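# Observations on the model geometry
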Amino acid sequence: MLPLLRRPKHLRLLVFVLVATLVLPALPASAQSEPDDNAITPITLTLTLAEGTADGTIWVDGEGLHVRDFIVEGAVEGDIGGQVSLTTDLDWYGPCSPDGTACDGDQESFSQVEISGETGTWTGTLAIERILGDQPGAHGILIGRQGANDQVIALNGISYSDTGATQLSGNLVTLTGPIGGVQLSGSACVTGPTTADGGFIGTQGLVQDSGPLRVHREVIGGANPTGIYGDLRQIGQKGSLSGLFIATLDAGYAYGSFVLVGESGPYAGMLGYGRATASIDVEPRCRSGLQITSTWTGQARYLADPAAFLAPRVYFESPEHGQVVTNPVVLELGSDHVAIEPAGEAREGSGHFTVIVDAPCLGPGELMPVDDQHIQLNEGETSIELNLFSGEHRLCLQLTDGAGIAQPATDIIHVFVAPSGGNGPGEF
């Protein structure tokens with residue numbers, strides 16, 4: 001079984017303001033007005049992993065067991081097949097024996113993945129996590145070629161068989177037609193635990209625009225983070241762009257993959273994909289003292305509905321993870337790639353929010369209970385006020401379809417409710 005890990009409370013999220021430049025050489029006008037019908041199809045991959053070899057570092061500390069550069073070989077069956085190699089950074093958070101042979105607790109891993117099959121080769125980045133009591137989660141981007149065509153895979157689900165195989169699910173698109181380039185570069189300050197807002201500038205090619213940029217990035221691995229993944233949202237004034245990236249982190253340098261989709265305006269129908277790099281440096285001018293410089297380079301094509309390529313996402317806009325709050329606790333909720341609407345009929349691409357208080361998120365396909373801990377926002381609301389006992393609380397936000405069935409999209413934060421007359425907003 002592929003190892004997984006958890007988000008420690010004291011260093012769960014790194015967030016930074018990104019000032020980006022997007023260079024997209026314009027595609028032919030005919031490609032923009034008549035997108036190629038590059039169909040998006042569901043994909044399922046089954047990984048059977050053989051024994052691995054560790055040529056990096058392994059150590060046990062107060063947090064748990066940590067392994068760097070652990071190489072695992074195996075095979076992949078499913079929509080693409082062949083031999084797979086993963087270079088993995090992984091952590092177990094919880095009690096471990098002194099020799100590291102036995103660990104119990106939450107798990108996380110970041111892997112650089114290469115799949116070699118008879119019909120093509122795919123490479124990319126995969127992040128997996130499992131928090132005790134919750135469903136495991138996966139985020140992955142693989143980019144490759146099949147014959148003369150590019151292929152992009154976005155992975156968003158994970159499960160395990162009784163035989164120990166790891167099953168990954170998501171979407172695949174085979175890309176044909178005119179092609180353009182995509183390049184983003186920027187400098188970012190680590191500013192908070194969950195989100196940051198900044199500015200966007202595009203001066204060449206397809207995107208000649210400026211406007212707001214919301215970035216949500218997550219660093220996993222405690223004092224020795226192994227990788228980052230997150231979302232880009234609300235780019236541009238003439239239209240909207242959003243995306244997903246995943247990168248492994250080693251000695252302050254990150255490398256991985258990204259997908260960028262155009263949602264409206266002149267960007268409607270655009271899909272960008274490629275490689276991401278970043279470095280983390282000390283910068284006194286940043287409030288946190290850390291600065292992240294990043295560059296994303298790849299290609300862009302047009303699809304009929306590129307937003308459908310990325311899985312629906314839900315998230316807490318506020319409060320932030322680790323924040324100290326007072327009653328009533330106001331939750332502001334956000335989503336990407338899904339329509340939030342009142343409950344009723346189950347419709348593809350739509351649903352409503354459910355807030356789960358001090359209980360695990362549900363597995364996909366389970367019927368959402370109706371009780372004081374499972375609060376369904378059946379009218380399509382995007383905010384709610386809660387009155388909670390003082391102390392620490394765990395909140396899960398989960399997408400629920402019109403019939404009350406839990407969907408895979410979730411977000412989890414911890415907040416601390418101060419006693420009446422307490423210290424007020426802050427972080428714990």
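The following refers to the structure shown.

Cut-offs and rules
Residues numbered from 1 in each chain as written. Predicted model: local features only at pLDDT ≥ 70, side-chain atom pairs only at ≥ 80, totals over all residues. Heavy atoms only, no water. Pairing = 2+ DSSP bridges. Helix = DSSP H or I, 4+ residues; strand = E, 2+ residues; numbered from the N terminus. Axes fitted to C-alpha atoms, helices over the stretch in contact; angles between N-to-C directions. Core = buried A, V, L, I, M, F, W, Y, C linked by side-chain atoms within 4.5 Å. Buried < 20%, exposed > 50% of the residue type's maximum accessible area, 1.4 Å probe, protein only.

Looking now at the sheet that holds strand β26 (residues 383-386). In spatial order, the strands read β20-β22-β26; together these 3 strands make up an open sheet with antiparallel pairing. With partners counted over all chains shown, the strands left at the sheet margins are β20 (313-318) and β26, one partner each. Neighbouring strand axes in the sheet, compared pairwise and without regard to direction, differ in orientation by 30 degrees on average. In the sheet, β20 pairs with strand β22 (residues 329-336) via 5 bridges, with the strands oriented antiparallel. Paired with V314 across the bridge in β22 is S335.

Where strand β4 (residues 58-60) and strand β5 (residues 64-78) come together, 3 bridges link them in antiparallel fashion. Among the inter-strand pairings, W59 is bridged to a residue of β5, identified as H66. Here β4 folds back onto β5, and the loop between the two strands holds 3 residues. Judged from the 11 bridges that link them, β5 and strand β6 (residues 82-93) form a sheet pairing that is antiparallel. The residue bridging H66 from the neighbouring strand is D91, located in β6. Hairpin geometry of β5 and β6 is characterised by an intervening segment of 3 residues between the two adjacent antiparallel strands.

One finds F316, L331, L333, V355, L386, L395 and L397 to be the most contacted residues of the largest nonpolar core, which totals 21 residues. Counting only elements with at least two residues in this core, the list comes to β20, β22, β24 (350-357), β26, β27 (391-400) and β28 (406-417). Sort the elements by how many residues they give to this core and β28 lands first, with 4 residues. In this structure, I228, A247, A254 and M270 belong to the second largest nonpolar core, which totals 20 residues.

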